[in-house]
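Here are the chains, one letter per residue:
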Amino acid sequence: MRKLLSTLFVATMAVAMSAAETIQINSSLSAAVEITAAGEYLLQGDGSKCTQQILVAENLGDVILTLENVDVEVTGAKDAGVSALVIGAGTTATINFKGQNILLSSCDPGCGIE
């Protein structure tokens, strides 16, 4: 029985760990990436520079983001206040980083993570 429970626990963990939705972040994106539901997301880059924002909606509850080799560099008009990654009010985000990640904004005001 103990071995069966251990096997079930491992199988459950494997399913839970693979449940993250994968979103590709690269230079071919033509619009902002919008996350509109609570959950776990793997934002996976290919080394190319993306100029679009990553927007996490307001009031989602818990969101887990894993950024893996993501390069987001946004620009905008002076005083535009554009940030690379925006977490909406009322959303709690856990952000994990794998590999080399760049989150930059050349806007004033603006920041990497807001």
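Refer to the structure above for everything that follows.
Residues numbered from 1 in each chain as written. Predicted model: local features only at pLDDT ≥ 70, side-chain atom pairs only at ≥ 80, totals over all residues. Heavy atoms only, no water.

Caption draft 1: Looking closely at the sheet that holds strand β7 (residues 85-87). With parallel pairing, three strands are arranged side by side in an open sheet as β2-β4-β7. In the strand order of this sheet, the two ends are held by β2 (33-35) and β7, each with one partner. Recorded for the sheet is a direction-independent mean angle of 10° between the axes of neighbouring strands. Taken together, the three bridges between β2 and strand β4 (residues 54-56) define a ladder with parallel strand orientation. Looking at β4, one finds that I35 is bridged to V56. (Pairing = 2+ DSSP bridges. Helix = DSSP H or I, 4+ residues; strand = E, 2+ residues; numbered from the N terminus. Axes fitted to C-alpha atoms, helices over the stretch in contact; angles between N-to-C directions.)

Caption draft 2: Main features of unusual backbone geometry. Of note in the backbone geometry, N59 takes a positive phi value of approximately 55° without being a glycine. Mapped onto the elements, N59 comes out in the loop between β4 and β5 (61-68). Among the residues examined, N59 registers a relative accessible area of 60% and is labelled exposed. For N69, which is not glycine, the phi dihedral falls at a positive 55°. Within the fold, N69 resides in the loop between β5 and β6 (71-74). Overall, the relative accessible area of 33% leaves N69 in the partly exposed class. (Buried < 20%, exposed > 50% of the residue type's maximum accessible area, 1.4 Å probe, protein only.)

Caption draft 3: Geometry of the nonpolar core. I25, L43, V56, L65 and V72 are the most contacted members of the largest nonpolar core, which has 22 residues in total. Taken together, the elements giving at least two residues each to this core come down to β1 (21-25), β2, β3 (39-45), β4, β5, β6 and β7. When residues in this core are grouped by element, the largest group, three residues, is from β5. (Core = buried A, V, L, I, M, F, W, Y, C linked by side-chain atoms within 4.5 Å.)

Caption draft 4: Here's a closer look at the environment of V82. Of note, V82 is situated in the loop between β6 and β7. With a relative accessible area of 19%, V82 lands in the buried category. Between the C-alpha atom of V82 and that of C111, which follows or precedes it by 29 residues, the distance is 7.3 Å.

Caption draft 5: Representation of the side chain of N101 within the structure. With respect to the secondary-structure elements, N101 resides in the loop between β8 (91-98) and β9 (102-105). One polar contact links the side chain of N101 to the main-chain amide nitrogen of N69, over a distance of 3.1 Å. At 3.0 Å, the side chain of N101 and the backbone oxygen of K98 are in polar contact. Residues contacting N101, with those up to four places away along its chain left out, are L67, E68, N69 and V70. (Polar contact = N/O pair within 3.5 Å; in protein donor to acceptor, adjacent residues only side chain to side chain. Contact = heavy atoms within 4.5 Å.)

Caption draft 6: Quick peek at the sheet that holds β1. The sheet built from four strands is open, its strands ordered β1-β3-β5-β8 with parallel pairing. With partners counted over all chains shown, the strands left at the sheet margins are β1 and β8, one partner each. Shown here is a sheet whose adjacent strand axes are inclined to one another by a mean of 25°, direction ignored. As paired strands, β1 and β3 are joined by five bridges and run parallel to one another. If you follow T22 over to β3, its bridge partner there is L42.

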